[in-house]
Amino acid sequence: MNGGRRLKVAVVAPSLRILGGQAVQADRLLRAWRDDPDVEAWLVPVNPLPPKLLRFALDIKYLRTIVNELTYLPLLVRELARADVVHVFSASYASYLLAPLPAMLIGRALGKPVILNYRSGEAPDHLSRSAIARKTIAQVDRNIVPSQFLVDAFGTFGIEASIISNIVDLDRFRFRARVQLRPRLVSTRNFDALYNVACTIRAFRVVQDRWPEARLTLVGGGAQEPELRALVTQLDLRHVEFAGRVTPDQIADFYAANDIYIQTPNIDNTPTSVLEAFASGLPVVSTEAGGVPAILTHGEHGLLAPLDHHEALASHILRLLDDPQYADSLIRAAHARVQPCTWASVREQWLRAYRSVLRAETCTVAKTLSTTEDTGDAEAQTKRTQDSWSVKSCG
């Protein structure tokens, strides 16, 4: 298929200049492929730095988007042209139109097989609203998602998808046994409306009523930070730390320093943060948003509450603090749950996926060549000879 050389995979995704789930997972994937004997992968950033003379536009709304696209599109053409496979990370709504869609279209125009790695918990609404998304997603060579939630969401619209889990580095996120939990809570979700961090803060008010010295660390940033800080003041909370955005290399320290992980999204997929907490030995309390129940069974790997129900969340946290034996059972089961997310497991799945789309593309070309009339063209004859093995292997 590729003459024994390493597969060349262009990974189209945000760089770590945008700290979010896509960027973190893309970075982990690229680090894992580094020096791999079978795959050469590189990042094609959807947020490339423009030329120096245009960088002033990064601080100007709308103009920033225009300059980004003018930088991004030529980069796509150049980088995808040298790839065997195009691996596109995708979110939803306007982000889909600006970043994944151009990569998908240019990849196909260049004759490259495209894998779409859709990762947004907003998929049901996005697909119901966008005929463009439904049509173009259905036309890629393969859809791969990190959860059964997204498989089901795609299936509702007749689009096939398969699961490959998010990657968790167990060397970085080290398990620590917690015999007696301290009332030290941590959240690592950004301050955007869909993550409803205000519900976390309200739940903490109930916890602090019982445990006056309880602490809450909020790791992240976003547009809602001023109102979240105001809510902390309004509720007269103490020991709440706004840690800000941190790099992926720093995030493990926050799991290690705390004893309970809490998140309260209204919309979600299968957040890497939950898996990181599992790996680090923190019991998880979460709302039952989106694909969260697909990785966290209530009462087995952690505790779930209805959306925006801060009283139920607080009740779960208090139960963990009151019952160390029960908390430990959840921690142990959760740590076992994260083992399939290690690179040793995920690597083979991605390698098979890359090879499958490349093989399918080669088969299509080979079969076309095998049915083309013999024109006597020497170059075409040579090409048919080179590809004839794949006709036999494709059936």
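What you see is a predicted model; the values in this text were computed from it and never measured. (Residues numbered from 1 in each chain as written. Predicted model: local features only at pLDDT ≥ 70, side-chain atom pairs only at ≥ 80, totals over all residues. Heavy atoms only, no water.)

**A look at the overall build of the protein**
Here comes step 1: Across its full length, the protein carries 16 helices and 12 strands.
Here comes step 2: Its C-alpha atoms give the protein a radius of gyration of 23 Å, near enough to 21 Å, the size a compact globule of 395 residues would have.
Here comes step 3: Counting only residues that meet the buried cut, the protein has 52% of its 395 residues in that class.
Here comes step 4: For the protein, the share of sequence-separated contacts (at least 6 apart) that also reach a separation of at least 24 residues comes to 73%.
Here comes step 5: Roughly 17800 Å² of accessible area belongs to the protein as shown, and the carbon and sulfur atoms make up 54% of that amount.
Here comes step 6: Charged side chains in the protein number 45 positive and 42 negative. The centres of these two groups are separated by 3 Å. (Helix = DSSP H or I, 4+ residues; strand = E, 2+ residues; numbered from the N terminus. Rg over C-alpha atoms; globule rule 2.2 N^0.38 Å. Buried < 20%, exposed > 50% of the residue type's maximum accessible area, 1.4 Å probe, protein only. Contact = heavy atoms within 4.5 Å. Areas by Shrake-Rupley, 256 points an atom, 1.4 Å probe, with all protein chains shown as cover. Lys, Arg positive; Asp, Glu negative; His and termini not counted. Charge placed at Lys NZ, Arg CZ, Asp CG, Glu CD.)

**Some thoughts on the pairing of strand β10 (residues 260-263)**
Here comes step 1: Neither face of β10 is open: one carries I260 and I262, the other Y261 and Q263, and all of them are buried.
Here comes step 2: When strand β7 (residues 184-187) meets β10, the two strands line up parallel, connected through 2 bridges. Each residue of the ladder has a partner; that of V186, found in β10, is Y261.
Here comes step 3: With 3 bridges connecting them, β10 and strand β11 (residues 284-287) associate as parallel partners. (Pairing = 2+ DSSP bridges.)

**A short note on the environment of A344**
Here comes step 1: Within the secondary structure layout, A344 lies in helix α15 (residues 343-370).
Here comes step 2: Overall, the relative accessible area of 68% leaves A344 in the exposed class.
Here comes step 3: Remark: the alpha-carbon pair of A344 and I167, spanning 177 residues in sequence, is separated by 9.7 Å.

**Focus on the pattern of salt bridges**
Here comes step 1: Counting across every chain of the model gives 24 salt bridges.
Here comes step 2: Here E276 makes a salt bridge to R28, at a shortest N to O gap of 2.4 Å. Here the residue E276 occupies a position in helix α11 (residues 272-280), and R28 occupies one in helix α1 (residues 21-33), the gap between them amounting to 248 residues. No difference in accessibility class separates E276 from R28, as the two residues are buried.
Here comes step 3: Between R347 and E348 there is a salt bridge, and its shortest N-O distance comes to 2.4 Å.
Here comes step 4: You can call R347 buried: its relative accessible area is 13%. (Salt bridge = Lys/Arg side-chain N within 4 Å of Asp/Glu carboxyl O.)

**What about the environment of I260?**
Here comes step 1: In this structure, I260 sits in strand β10.
Here comes step 2: For I260, a relative accessible area of 0% translates into the label buried.
Here comes step 3: C-alpha separation for the pair I260 and L181, spaced 79 residues apart in sequence, amounts to 7.6 Å.
Here comes step 4: I260 has contacts with L181, R182, R184, L185, V186, L282, P283, I317, L320 and L321, leaving out every residue within four places of it along the chain.

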